[in-house]
Amino acid sequence: MDLSILNDVQRKAVEVVDGPILVVAGAGSGKTRVLTHRIANLIENHDIFPSGIMAITFTNKAANEMKTRIGSLIGPVTSQMWVGTFHSICVRILRRDADRIGYTSDFVIYDTQDQKALLKACYKELNIDDKQTPLKTSQFKISAAKNDMLTPELYDMQNASDYREKGFIKLYYLYQAKLKQNQAMDFDDLMLKTIELFKQNQDVLSYYQNKFKYIHVDEYQDTNRAQYTLIQYLAAKNRNLFVVGDADQSIYKWRGADIRNIREFEEDFPGAQIFKLEQNYRSKKNILDLANSVIVNNPNRRDKSLWTDQDSGEKIGYFRGYDEKDEAKFVIERIRTFIREKEYKLSDFAILYRTNAQSRSFEDQLMLNAMAYKVIGGLKFYERKEIKDLLAYMKLVVNPNDDVSFIRVINEPKRSIGGKTIEKIQAFQSKTELSLLESIPHLSQIEGIGAKAQKGLVEFYELIMGLKAKLDTAFVSQIYDELLEKLNIISLYELERSIEADARIDNIYEFKTVIEEFEKRSESPNLRDFLAETSLRSDQDNIEEQEDGVLLMTLHASKGLEFPVVFLVGLEDNLFPSFRAMDDPEELEEERRLCYVGITRAEERLFVTHARNRNQYGRFEPRHPSPFLREMDQSILENLSDQNEMPSFDPPKPKKENYFSKNALKSKQSFFGKASGTQGNTTPVASASQSATYFAGAKVNHKVFGMGLVISVGADGEMLTIAFDSCGIKKIHSGLAPIRRVD
Ligand SMILES: Nc1ncnc2c1ncn2[C@@H]1O[C@H](COP(=O)(O)OP(=O)(O)OP(=O)(O)O)[C@@H](O)[C@H]1O
Ligand SMILES: [Mg+2]
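Residues numbered from 1 in each chain as written. Chains lettered and ligands numbered in written order. Predicted model: local features only at pLDDT ≥ 70, side-chain atom pairs only at ≥ 80, totals over all residues. Heavy atoms only, no water.

Stated precisely, the cut-off is as follows: UniProt positions are given in the numbering used here, feature names are shortened, and annotations may be inferred rather than shown by experiment.
An unreviewed UniProt entry annotates the protein chain as ATP-dependent DNA helicase originating from Fusibacter ferrireducens. Quoted verbatim from the Sequence similarities (unreviewed entry) field of the UniProt record, the comment on the protein chain reads "Belongs to the helicase family. UvrD subfamily."

Written out as C-alpha cells, the structure is:
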C-alpha cells in the first residue's frame, strides 16, 4: 500500500502499530484519512487479521463511508472486521452473550415510540399524570441518567436525600423492570448492558479483549461517559487504541458528550503517543482563516495552528437580506449562477442551518426554481409530522369527506379514540355512505362506543364545523390561529420541554409564515386555494427524488462531511447562537464550536448570510446579527448585500463579558456598525408606566415565571411578548405584572 500520499506526520501516525495513539487536529487535516490508512496498513503490511480490528464512528453514514474508504485501499471490507456505530457494535456483542446477564439473545430493541408506550404503562401503574410530567420529560431524564451510567440503583443512591427525585426514582426502577420483563432494551441500554456484561463476566470481557487487538474511534471528542467506559474496557488489555478527534468540534454536550475525554487521554493511557496534524487539505486559505478568527474566541482551548498550502481563494461572501425569504433567494440565485458558469452538480452545494425550521424558506425557493434538493438527516418541511397533521385538519375543514385526513388526526392530540372505535364507525359508514366525520352526529345509532370516545368525537366534530362556518369570511391565518388555539397544540409541545418538541413549535410558527406569505400575494386568500397550492408543492416533492440535489442539513448533521460550496445561513442572535446560549457561557462556546464545524465543511467557496427581519415565534421581527459574524475576520468578507440592505445599527449591549468577543468590538472595519446611534426598529421602546425600559432582547425576571427574554414590545410600549425559560412564550403587561429588568 502506498503511504506516500500522506504527509510526514500522517505517515508516522499511520505507521505506529502498537500502543495508545491520539491524533488531535483541526478540521480537514486528514484525521479520518489517517484512521482508514492505519487500518489498511495493519492488514497489508503487518499481517493483522481483519477479525482483530474494530472501528467505531458516530453515524451509519460515517460507518459506511469508512468501509468504502478502506475498501478502496485494500479491497472490500469483510464482516470479520467490525466497523460500525457504538450501538451496532453493542448489539453484536449482546446477541452473542445476553444470556449471561439474564436476557435471551433474541431480546428486542425498543425505539422511541416503544419506549413511550412502556413509560405510559408505568405512569398508569404509579398514577402519574402525563399532563404534569410529560412522557418526554421522563424519557429524556432516563436517557441522561443512562448516558452518565447511572442505573436506577446508582441514581437512587446519589439522589436519595432529594425528596423531589423520589417520584422519578420510583418510575425509573419500574421502567427498567418492565424492560426486563419484556426482554427489551432501549437504545441507551445497549451501551449499559454491554458494560454490565463485561463487568460481571470476566471470561466474556477477556474474549473480546483478546479478539480485538486494534481498536479505533473517530470523532472521539463526542464520546459520552458510557461510550468512554466501553472503550476503556475493550482496550484495557492490549492498549492498542487509536483515537482521532478535535476538541474544537465537540458539539454533543447536550447528549452527555464530555470534551474531557480527549483532553485527558494522556492521563488515561500513560505513554500514549500524540500526533498533531497541522496541514488542512480541505479548504482554501480564506475559509480556514475565517474559521480560526471565530474559534479563537473560545477561552480554555488549546490553540492549534492549522495551515494550508492552497491559495486564498475567493473572499467569503457576506449577505444580509431583508428577511428570510430574501436570504433564501440570494442563496438559490448564487447556486444558479455557479451552475451556469462552472461545472458544478447540485450536490456540490450545501446549505447549513441551526434549526430544522429554517429549511422551509430554502425549500420554497428551490421548488420555485425547479431545483432538486435533499434534506439530510431530516424530513422535508411538508413531510414533518406536525405540518402534515395541521394540513389534515385544514383539509377536513374544507372537505368533510376526507376520511384519510380524519383518521390521521382524530386522535391527534389524544381524544381516547382507538382503532376499534374507528372500525365501528366504518361499519356504520358502509351502510350510510356518510363520511367518517359526517357520521359523528349519528353516534347514537352506533353501538359500543364508550362515553369518553363519544365525547372526544363530538368535540372533534364541533371543532371542525366551527372552523368550517368561518371558511368564507375569515383569513386563512385566522382559521389557522383558531385551530392552534383550540388544539392547544403549542402548550402541549411546550410541556414536553425537549429539543424535538421545540423544533415542532418552530415548524408550527414557520407554517404560519407560509400562510401569511400566501395571503400577501393572492387576491382572495381563501383556504381552498391555499390547500391547492400546498398540495402541488408536496407533489413536486415526490418527483424530485433523484440522486443529485442541493443538500440541506443542520450543522450537527454536517459533522465530518465536506462540500465544494457551503452556505452558512441564519447567522443571527438568538438563532445561531441559540437563545439558550445567552445566559450560559459554556453553551455559547458549544455554539461557537458548531460555527467552526460549519465553516470548515467548505472546500472552495463559503457564504455567510443572515436576515434583517425574520418570522420567528410567529412574529415578523427585526434581528440582530450573530456575535459570530462580528468575530469573523472582516478583511476577508466581501459584502454582497444590496445597497439598501447595507447594515448599520446599534448592536445590543454586551451582557456577558465574553458574549461579544473583545476582538470584534475592537474591529475597526466592521460591517455591523459602530456601537453608537440607534436606528429603525431596534430603538428601545419605553414603557409608559414604569421607569424600566423594555425592548426586544431585554432580559427580565418574572416573579412566577422566572427568567425570560423580551421578544417584542407592543405598539403601546406595555404589552410584552416574552419567552420564559420555564414555560415558553407569554404575553405580559409590563405595568401590571410582577416583572423587572435584569441586566
Ligand atoms: N496528505 C493528504 N494529501 C491530500 N489530501 C489529503 C491528505 N490528507 C487529507 N486529505 C484530504 O483532505 C480532506 C479532509 O480529510 P479528512 O476528512 O480525513 O479530515 P478530518 O480531519 O477527518 O476532518 P474533520 O475534522 O472535518 O472530520 C479529505 O478530502 C482528504 O482526502
Ligand atoms: Mg473526520
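**Considerations on the overall build of the protein chain**
Quick note on the threshold: Every helix listed is a DSSP run of H or I at least four residues long, and every strand listed is a run of E at least two residues long, numbered separately from the N terminus. The atom set for the radius of gyration is the C-alpha atoms, and the globule formula is 2.2 Å times the number of residues raised to the power 0.38. Only protein chains enter the calculation, and the probe is 1.4 Å; a residue is then buried if its accessible area is under 20% of its type maximum, exposed if over 50%, and partly exposed in between. Contact between two residues is taken to exist if any of their heavy atoms lie within 4.5 Å; hydrogens are not considered. In this description, accessible areas are obtained by the Shrake-Rupley approach with a 1.4 Å probe, and a residue is regarded as covered only by the protein chains that are shown. Counting rule for charge: Lys and Arg are taken as positive, Asp and Glu as negative, and neither His nor the chain ends is counted. Taken as the charge location is NZ of Lys, CZ of Arg, CG of Asp or CD of Glu.
The secondary structure content of the protein chain amounts to 28 helices and 24 strands. Rg of the C-alpha trace for the protein chain: 28 Å, near the compact-globule value of 27 Å for 743 residues, within the 12% margin. Scored against the burial criterion, the 743 residues of the protein chain give a buried share of 54%. Within the protein chain, contacts between residues at least 6 apart in sequence are counted, and of these 75% link residues at least 24 apart. When the accessible surface of the protein chain is totalled, it reaches about 33200 Å², and 49% of it is carbon and sulfur. Computing the positive centroid from 101 side-chain charges and the negative centroid from 109, the protein chain places the two 3 Å apart.

**Some details on unusual backbone geometry**
That bond from glutamate 412 to proline 413 is cis: its omega, 0 degrees, falls within 30 degrees of zero. Between phenylalanine 576 and the following residue, proline 577, the backbone shows a cis peptide bond with an omega angle of 10 degrees. Assignment of secondary structure puts proline 577 in the loop between β13 (563-568) and α26 (585-599). Phi at methionine 149 is positive, roughly 65 degrees, even though this residue is not glycine. Tracing the backbone through its elements, the reader meets methionine 149 in the loop between α6 (135-147) and α7 (152-159). Exposure remark for methionine 149: the relative accessible area of 18% places this residue in the buried category. Not every positive phi belongs to a glycine, and asparagine 488 is a case in point at roughly 60 degrees. Looking at where asparagine 488 falls in the secondary structure, it is placed in the loop between α22 (476-487) and α23 (489-496).

**What about the sheet that holds strand β17 (residues 637-639)?**
Formally: Strands are labelled as partners when DSSP assigns at least two bridges between them. The axes used here are C-alpha line fits, helices contributing only the stretch in contact, and every angle between their N-to-C directions lies in the interval 0 to 180 degrees.
Strands sit in the order β11-β12-β10-β13-β14-β9-β17 across an open sheet of seven strands; the sheet is parallel. Pairing within the sheet leaves two strands with one partner each, and these edge strands are β11 (373-375) and β17. Averaged over all neighbouring strand pairs, the angle between strand axes comes to 25 degrees, with direction disregarded. With respect to the sheet, helix α14 (residues 285-295) is in contact with β9 (316-321), β14 (602-611) and β17, its orientation differing from that of β14 by roughly 50 degrees.

**What to know about the packing of aromatic side chains**
Here is the rule we go by: Pairing of aromatic rings covers Phe, Tyr and the six-membered ring of Trp, with a centre-to-centre limit of 6.5 Å; geometry is then stacked below 30 degrees between planes, edge-to-face above 60, and tilted otherwise.
Applying the stated criterion across every chain, the model contains 29 aromatic pairs. Seen from their ring centres, tyrosine 207 and tyrosine 208 are 4.9 Å apart, and the 80 degrees between their planes marks the pair as edge-to-face. On the basis of relative accessibility, which here comes to 37%, the residue tyrosine 207 falls in the partly exposed class. A relative accessible area of 1% means that tyrosine 208 is categorised as buried. Measuring from centroid to centroid gives 6.1 Å for tyrosine 322 and phenylalanine 620, while their planes differ by 45 degrees, and the two rings are tilted.

**Side note on helix α11 (residues 225-235)**
Test applied: The definition of a polar contact used here is a pair of N or O atoms within 3.5 Å, where within protein one atom must be able to donate a hydrogen and the other to accept one, and adjacent residues in sequence count solely through side-chain atom pairs.
For α11, the tally of buried residues reaches nine of 11 residues, placing the bulk of the element in the interior. Inspection of α11 places Ala226, Gln227, Tyr228, Thr229, Leu230, Ile231, Tyr233, Leu234 and Ala235 among the buried residues, and these make up the whole buried set. Capping the start of α11, asparagine 224 holds a side-chain oxygen 3.1 Å from the backbone nitrogen of alanine 226, two or three residues further along.

**So, the pattern of salt bridges**
Test applied: Salt bridge, as used here, is a side-chain nitrogen of Lys or Arg placed within 4 Å of a carboxyl oxygen of Asp or Glu.
Enumeration over the complete set of coordinates arrives at 39 salt bridges. Between glutamate 482 and lysine 470 there is a salt bridge, and its shortest N-O distance comes to 2.6 Å. Linking glutamate 482 in helix α22 with lysine 470 in the loop between α21 (451-468) and α22, this pair joins segments that are 12 residues apart in sequence. According to the relative accessible area criterion, glutamate 482 is buried, its value standing at 17%. In this structure lysine 470 comes out as partly exposed when scored by relative accessible area, which is 31%. Across the pair aspartate 502 and arginine 580 runs a salt bridge, and its minimum N-O distance is 2.3 Å. Of this pair, aspartate 502 sits in helix α24 (residues 499-521) while arginine 580 sits in the loop between β13 and α26; the two residues are 78 residues apart in sequence, bridging distant segments of the chain. According to the relative accessible area criterion, aspartate 502 is partly exposed, its value standing at 26%. Bridged by salt links that share partners, the residues Glu327, Glu572, Arg614 and Arg623 form one connected network.

**Thoughts on the site of ligand 1**
For clarity, the threshold we go by: Nearness here has a simple test: a residue counts as near a molecule or strand if at least one of its heavy atoms is within 4 Å of that partner.
In the vicinity of ligand 1 lie 20 residues, with Gln10, Lys31, Thr32, Glu562 and Arg601 positioned nearest. Interatomic distance of 2.6 Å between a side-chain N/O atom of lysine 31 and an oxygen atom of ligand 1. The side chain of glutamate 562 places a nitrogen or oxygen atom 2.6 Å from an oxygen atom of ligand 1. Here ligand 1 has 640 Å² of accessible area as a free molecule, and 85% of this is covered by the chains. The biggest single contributor to the shell around ligand 1 is helix α2 (residues 31-46), with three residues.

**Considering empty space enclosed by the protein**
Rolled over the atoms, a probe with the dimensions of a water molecule shows which regions are left empty. Threshold: Definitions used for this entry: grid spacing 1 Å over protein atoms alone; cavity, a set of points where a 1.4 Å probe fits but cannot get out; pocket, an open set with protein on both sides within 12 Å along at least 5 of 7 lines; lining residue, one with an atom within 4 Å of a point. Grid points are joined across faces, edges and corners, and a volume is the space filled by probe spheres set on the points.
For the structure on display, the rule yields one cavity of 30 Å³ or more. Put simply, the largest cavity is a space of about 140 Å³. What lines the largest cavity is a set of 13 residues, among which Ala357, Gln358, Glu510, Asn615 and Gln616 lie closest to the centre. At the level of elements, α24 and β15 (613-616) are the ones that each hand at least two residues to the lining of the largest cavity.

**Focus on the side chain of threonine 36**
Relative to the elements of secondary structure, threonine 36 occurs in helix α2. In this view, threonine 36 contacts Met66, Arg69, Ile70 and Leu73; residues no more than four positions away in its chain are not counted.

**Side note on the packing of helix α17 (residues 385-398) against α24**
Cut-off, in case you're wondering: These descriptions rest on fixed angle ranges, namely under 35 degrees for roughly parallel, over 145 for roughly antiparallel, 65 to 115 for roughly perpendicular, and the rest for oblique. Crossing handedness: left-handed means the near helix sits turned counterclockwise from the far one by under a right angle, and right-handed means the same turn made clockwise. Charged residues are taken to be Asp, Glu, Lys and Arg, nonpolar residues to be Ala, Val, Leu, Ile, Met, Phe, Trp, Tyr, Cys and Pro, and polar residues to be all remaining types, Gly included.
One can describe the packing of α17 onto α24 by two numbers: an axis separation of 9 Å at closest approach and a directional angle of 45 degrees. In this view, α17 runs oblique relative to α24, as classed from their interaxial angle. With respect to the hand of their crossing, α17 and α24 are arranged in right-handed fashion. For the pair α17 and α24, contact is made by Lys385, Glu386, Ile387, Leu390, Leu391 and Met394 and by Arg504, Asn507, Ile508 and Phe511, respectively. By residue class, the composition of the contact of α17 with α24 is six nonpolar, one polar and three charged.

**Points about the sheet that holds strand β6 (residues 214-217)**
Pairing in this open sheet of six strands is parallel, and the strands run β3-β2-β6-β7-β1-β8 from one edge to the other. At either margin of the open sheet sits one strand with a lone partner, and together these are β3 (82-85) and β8 (273-277). On average, each strand axis in the sheet is tilted by 15 degrees relative to the strand beside it, whichever way the strands run. Across three bridges, β6 lies against strand β7 (residues 241-245) in parallel orientation. What sits directly across from isoleucine 215, in β7, is leucine 241. Contacts from α2 reach β1 (21-25), β2 (53-57), β6, β7 and β8 within the one sheet, and its direction differs from that of β6 by about 165 degrees. Packing of α11 onto the sheet brings it into contact with β2, β6 and β7, and relative to β6 it is tilted by some 160 degrees.

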